[in-house]
Amino acid sequence: MRATIQQLKGWQSSVTRTSMVFIGALSLSMFTILYLLFMIEQYYRVAPSLRVLVYFFLWLAVLTLYSFHTLYLLTHEQNVLAQHEHGMRKVLFQTVESLVAQLEAHDPYIGGHERRVAHLARAIGEVLGLAEERIDGLVLAATVHDVGKIQVPGEILNKTEPLTEREFEIIKSHAGAGSEILGSIEFPTPVARIVQQHHERVDGSGYGEGLSGESILLEAKILTVADVVEAMAHERPYRPALGIDKALADISEKKGTLYDPEVVDACVMLFTEKGFTFDEEKESEPAG
Ligand SMILES: [Fe+2]
């Protein structure tokens, strides 16, 4: 990331240098041409009307040259910025992928779960018309939403018997722990806050910071629904898969109390009308 910023700074100074050389050369040429014109006028006694015409075309030529120069700089600027933006997105997604790889080594269930959640979260975000940048942030957050579980002992994560109260408290700490881990990375969107809020519920009955309603980010509400649906539809260490029909029935029943109504509607519509399915493909890579 720092290298990219350094490259941008280097490019900015090179553009400034190019502009200064161009303007310097233009000024020198103008001065020389004007001096020559002045000398020619003195020698040949040019008619005043012709003199005005020459000056007009000279001014027009300078204006055209300067316009082309500005256009070139703008086009160059756009291309370089687009390249760097793509590079920065790629670095972000690679950083997140390396976090997921570490987490998978700690808990083999998590990697596939997070990719499927990210896949569904992206689809819900698109149905709700989120801007591309927000969808990127949502997908990044979904891909690592359980990264805080790296601090939870494997015996607790893979326990097949019911959890004790103390063990459940340890599990609950993963939302805050994940937010702390991600807080040190400079994301362009609030990825750490989305992760922090992914167990909040609309009626305030969730955990994290005890948020409710509008104080929960829309991205976190989407992640919550995607997380619940994926978890219910698939097998977990402590129970068999419950199936997608049961998962959709559950979120529909709790629509407006635990889950955001618009998010639930979008999710149900994806499965029942758009033929959405979870697939095992990696969905976290940026397009292009
Ligand atoms: Fe979680």
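What counts, and at which threshold
- Residues numbered from 1 in each chain as written.
- Predicted model: local features only at pLDDT ≥ 70, side-chain atom pairs only at ≥ 80, totals over all residues.
- Axes fitted to C-alpha atoms, helices over the stretch in contact; angles between N-to-C directions.
- Helix = DSSP H or I, 4+ residues; strand = E, 2+ residues; numbered from the N terminus.
- Parallel < 35°, antiparallel > 145°, perpendicular 65-115°, else oblique.
- Left-handed = near helix turned anticlockwise from the far one by under 90°.
- Contact = placed C-beta atoms within 7 Å.
- Nonpolar A, V, L, I, M, F, W, Y, C, P; charged D, E, K, R; others polar.
- Buried ≥ 20, exposed ≤ 12 C-beta atoms within 10 Å, placed from the backbone.
- Core = buried A, V, L, I, M, F, W, Y, C linked by C-beta atoms within 7 Å.
- Expected span 1.5 Å × (residues − 1).
- pLDDT = per-residue confidence, 0-100.

1. Here's the deal with the packing of helix α4 (residues 132–143) against helix α9 (residues 218–233)
It is the contact of α4 with α9, at a shortest axis distance of 10 Å, that shows an interaxial angle of 45°. Taken together, the axes of α4 and α9 are oblique relative to one another. Like other packed secondary-structure pairs, α4 and α9 cross with a definite hand, here right-handed. Contacts between α4 and α9 involve Arg134, Gly137, Leu138, Ala141 and Ala142 on the former and, on the latter, Glu219, Ile222, Leu223 and Ala226. Considering only residue class, the contact of α4 with α9 consists of 6 nonpolar, 1 polar and 2 charged.

2. Re the environment of Glu230
By the secondary structure assignment, Glu230 is in helix α9. According to the C-beta neighbour criterion, Glu230 is buried, with 23 such atoms within 10 Å. Residues Glu230 and Ile244, 14 residues apart in the sequence, show an inter-C-alpha distance of 8.0 Å. Each residue touching Glu230, except ones within four places of it in the same chain, is listed here: His113, Arg116, Val117, Leu120 and Phe278.

3. A few points about the nonpolar core
Counting 43 residues, the largest nonpolar core has Ala121, Ile124, Val225 and Ala226 as its most contacted members. At 8 residues, α9 tops the list of elements feeding residues into this core. Beyond its immediate chain neighbours, meaning those up to four positions away, Ala121 contacts Leu138, Val139, Ala142, Ile222, Leu223 and Ala226.

4. What about α4?
Along an α-helix, residues three or four positions apart point the same way, because every turn accommodates 3.6 residues. In this model, α4 (12 residues) spans 16 Å end to end at C-alpha, consistent with the 16 Å of a helix rising 1.5 Å per residue. Counting buried positions along α4 yields 9 of 12 residues, so the element is predominantly enclosed. Within α4, burial applies to Ile135, Asp136, Gly137, Leu138, Val139, Leu140, Ala141, Ala142 and Thr143.

5. Re the packing of α9 against helix α11 (residues 261–272)
Relative orientation of the contacting elements α9 and α11 amounts to 45°, with a least axis distance of 9 Å. Between α9 and α11, the angle falls in the class oblique. You can see that α9 and α11 cross each other, and the crossing is right-handed. Residues Lys221, Ile222, Val225 and Val229 of α9 lie in contact with α11, whose contacting residues are Val263, Val264 and Cys267. Taken together, the residues that form the contact of α9 with α11 break down as 6 nonpolar, no polar and 1 charged.

6. Description of the confidence of the model for the protein
Put simply, the protein has an average pLDDT of 83, and 89% of its residues get 70 or more. Element-level pLDDT for the protein is lowest in helix α1 (residues 2–44), with a mean of 68, against a maximum mean of 97 in α11. Under a pLDDT of 50 for its full length, residues 1–5 has, in the predicted model, 6 contacts with residues more than four places off or in other chains. Residue range residues 282–288 is modelled with pLDDT below 50. Its contacts to residues more than four positions away, or to other chains, number 18 contacts.

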